[in-house]
Amino acid sequence: MTDHDKHTAMANALRVLAMDAVEAAKSGHPGLPLGAADIATVLFSRVLKFDPAAPHWPDRDRFVLSAGHGSMLLYGALYLLGYEDMTIEQVKRFRQLGSLAAGHPELGEGIEATTGPLGQGFGNAVGMALAERILNARFGDGLVDHYTYVLVSDGDLMEGVSHEAAALAGHLKLGRLIVLHDDNGATIDGPLALADSGDLMKRFHAAGWNATRIDGHDADAIAAAIATARSSDRPSLISCRTRIGFGAPTKEGSEEVHCMPLGAREVAAARARLGWESEEAFHVPSELRDAWRIAGLRSGLAHKAWEKRRKEVETVERGEFDRRLRGDLPAGFEDTMLRIKARLSNEAPRIATRKASEIVLETVNALVPEMIGGSADLSASNGTRTEGLKPIAPGKYDGRYLFYGVREHAMAAIMNGMALHGGIIPYGGTFLAFSDYCRPAMRLAAQMRQRVVYVMTHDSIGLGEDGSTHQPVEHLAALRAMPGLYVFRPADAVETAECWHLALTTKAPSVLALTRQIVPTVRAVYEENNLAGYGAYEIAPASGDALVSIFSSGSEVAIALEAKNLLDQADCPTRVVSVPCFELFNEQSDDYRAGIVGSAPVRVAVEAAVRMGWDALIGADGLFVGMSGYGRSGQPKALYQHFGITAEKIADAALTRLAAKDDARVG
């Protein structure tokens, strides 16, 4: 068998597995696996550095299938290469409940990222390539020396996030990033020309990339283009011209093959056209399985050589590398966070929580070198760049701060990629109102349980004069609705320190919603226990049996405490509960939650945002003092007065409701 024939047969094995799996599931996307099989075969059999026996080897090349609808291309390769988890039984159960072969790739062994929403994998790959360069600058070629490859579709490159991420990758000269474009010219609606007539090569050249177009069914051309890309100091786009549904006699080149099973007759005809002799579904001849398994063993020696180099590294340096890749925080982290909190409690500063966050970060960044910060052109406003953080610049990756530019979507996707790579804890800042730009990537971070921290300041009408476009009112509720995302809204500097501690010790994404306006310290007495870790806690008890319970978060906690004073003066015993994190509160025991909700006849929630979510604490008949619409431009104090978020309004509403309950009881 010639090399050409061997490649064709190996690629056809991917095609047949994809056809059979989609046919068995009666759903799926056969077009891309059929069309891009030659690209994948070259990558996995000639190029990629990986070890199926050690899927988490830190110095493996990363491969991201951004075009996640073509997932059977990846599952077929993982099975054939010998990845233990991706068995033929998993492949046969493609798209079935419990199968690792999900409809779109989900993070796991051999699957570097959860993808499917188009463009996200592209952004993730930029983050992975950047993480490789950052860690290489710190630990050298002996420990960190690999490439990041991503297979994208036309759809990926149409999504706006790809434009943002490509611009930043080109600016930073990420030469270890190689994008393979399945250039099949087809979309679900029909030919690509229906919606796009741009010049892709010029677009990427203008962004500082290498860009070339080749025959995506010519194995040698694919290999040569990759070799050229690997030798460049710039990121590379290789646009591989392919025929969607390659091998399907009546559907090749048609949008019909994108997302529908071929049908038994077409599958049989495709087998014949490809020269595939076996008619048995999912059957791959032993000689082809062996060829793929041998490809899977290709980097075994490289892995052993890396392990040898790692063992030769000085003990402390090796320990630091291993610690970062494990995701452990440095020794002394817990004590350091307690000292920060004690200092803030003792000083009781009147500062914005965004400023408190910056103070905490000054200490944390000095202790935790894997923290890589950034902002979407709002560094000073977000307080994300602390003293001593050098910028990451084109060709200079020893810095720890990234100027993302006005690219919130790419920032969030790139941070996911850095976290997925390992060895880095990314955080990035923008205004809370602009979390809408980040949501697709935030949702995937939550699904993948990645430790990514979003520093989102200007969290309410309290930002003032910029007006309603910048004042978030629905955003807290929308973010709290996202499963797996922890939304922290600290009341003061002390809670801010606690929330940072929780964000960094939680293997999940976190939002820190922080004020622009100055707030008082509401916890001036030091408490070693992290009270924010309960999600909600009683910050001010009632003097006797409470008639009113006030629940609040963030900047409104201080207002709630003022209202308590007014109610106490009116002989109405009142307690106040600070609620910095709904998600952590929901994780507490039933008894704890019942105790925090309490039995006061009147319950009030106070937040400069919409009511949604608060009924879990106050009930459907509880009082809510907050926003019911959009904000206005004006001074913060005037806005709080205008919208009735004041201690007086809270006290009046509580007393009125209490009187009404008394009247009803008497009646």
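Residues numbered from 1 in each chain as written. Predicted model: local features only at pLDDT ≥ 70, side-chain atom pairs only at ≥ 80, totals over all residues. Heavy atoms only, no water.

Draft legend 1. Focus on the pairing of strand β11 (residues 453–457). Among the five residues of β11, five are classified as buried, and the element is accordingly described as predominantly covered. Where burial is concerned, the two faces of β11 agree: the one with Val 453, Val 455 and Thr 457 and the one with Tyr 454 and Met 456 are both buried. Inspection of the sheet shows strand β10 (residues 425–431) paired to β11 by five bridges, in the parallel sense. Bridge pairing in β11 places Tyr 427 opposite Val 453. What joins β10 to β11 is helix α18 (residues 435–448), and the crossover it makes is right-handed. Where β11 lies against strand β13 (residues 510–513), four bridges are found, and the strand directions are parallel. By the bridge assignment, Val 455 is partnered in β13 with Leu 512. (Buried < 20%, exposed > 50% of the residue type's maximum accessible area, 1.4 Å probe, protein only. Helix = DSSP H or I, 4+ residues; strand = E, 2+ residues; numbered from the N terminus. Pairing = 2+ DSSP bridges. Right-handed = clockwise from strand over helix to strand, strands pointing away.)

Draft legend 2. Expanded view of the pattern of salt bridges. In the structure shown here, the tally under the stated rule is 35 salt bridges. Note that Arg 15 is salt-bridged to Asp 38, the shortest N-O span being 2.8 Å. A residue pair is termed long-range when its members are at least 10 positions apart, and Arg 15 in helix α1 (residues 3–25) and Asp 38 in helix α2 (residues 31–47) qualify at 23 residues. Measuring nitrogen to oxygen at the nearest pair gives 2.5 Å for the salt bridge that ties Asp 322 to Arg 310. Taken as a pair, Asp 322 in helix α13 (residues 315–326) and Arg 310 in helix α12 (residues 300–312) lie far apart in primary sequence, twelve residues in all. We classify Asp 322 as buried; its relative accessible area is 17%. Arg 310 sits in the buried class, given a relative accessible area of 18%. Sharing partners across several salt bridges, the network here consists of Asp 459, Arg 480, Arg 489, Glu 556 and Glu 607. (Salt bridge = Lys/Arg side-chain N within 4 Å of Asp/Glu carboxyl O.)

Draft legend 3. Geometry of the sheet that holds strand β8 (residues 371–375). Strand order in the open sheet made by the six strands is β9-β8-β10-β11-β13-β12, with parallel pairing throughout. Edge positions in the open sheet fall to β9 (401–403) and β12 (486–488), since each of these has one partner strand only. Strand-to-strand twist in this sheet, taken as the mean axis angle between neighbours without regard to direction, amounts to 20°. Of the strands in this sheet, β10, β11 and β13 touch α18, which is tilted by about 160° from β11. (Axes fitted to C-alpha atoms, helices over the stretch in contact; angles between N-to-C directions. Contact = heavy atoms within 4.5 Å.)

Draft legend 4. Local environment of a negative patch on the surface. Taken together, the side chains of Glu 334, Asp 335, Glu 527 and Glu 528 present a region of like negative charge at the surface. Within the secondary structure, Glu 334 is located in helix α14 (residues 333–347). In this structure Glu 334 comes out as partly exposed when scored by relative accessible area, which is 43%. (Patch = residues over 30% accessible without salt bridge, like charges linked within 9 Å, V, L, I, M, F, W, Y side chains within 5 Å. Areas by Shrake-Rupley, 256 points an atom, 1.4 Å probe, with all protein chains shown as cover. Lys, Arg positive; Asp, Glu negative; His and termini not counted. Charge placed at Lys NZ, Arg CZ, Asp CG, Glu CD.)

Draft legend 5. Looking closely at the layout of surface pockets. Roughly 660 Å³ of volume is contained in the largest pocket. Lining the largest pocket are 35 residues, and of these Ala 419, Leu 420, His 421, Gly 422 and Gln 450 lie nearest its centre. Going through the elements one at a time, β1 (62–65), α13 and α17 (408–421) are the ones with two or more residues in the lining of the largest pocket. In this structure, the second largest pocket encloses a volume near 450 Å³. If you go around the second largest pocket, you meet 18 residues; those closest to its centre are Ile 559, Glu 562, Lys 637, Tyr 640 and Ile 645. Listed by contribution, the elements that provide at least two residues to the lining of the second largest pocket are α21 (556–569), α25 (636–642) and α26 (647–666). Of the residues assigned to the lining of the second largest pocket, the class counts are ten nonpolar, four polar and four charged. (1 Å grid on protein atoms, 1.4 Å probe; cavity = no way out; pocket = protein on both sides within 12 Å on 5 of 7 lines; lining within 4 Å. Points joined across faces, edges and corners; volume = space filled by probe spheres on them. Nonpolar A, V, L, I, M, F, W, Y, C, P; charged D, E, K, R; others polar.)

Draft legend 6. Up close: the environment of Ile 392. Mapped onto the secondary structure, Ile 392 falls in the loop between α16 (379–382) and β9. Excluding residues that lie within four positions of it along the chain, Ile 392 makes contacts with Leu 130, Ile 134, Leu 172, Ile 372, Tyr 397, Gly 399, Arg 400, Tyr 401 and Leu 402.

Draft legend 7. Representation of the pairing of strand β2 (residues 148–152). Within β2, five of the five residues are buried, leaving the element largely enclosed by the surrounding structure. Residues of β2 alternate between two faces, with Thr 148, Val 150 and Val 152 on one and Tyr 149 and Leu 151 on the opposite face, all of them buried. Here β1 pairs with β2 via four bridges, running parallel. Within β2, the residue paired with Arg 62 across the bridge is Thr 148.

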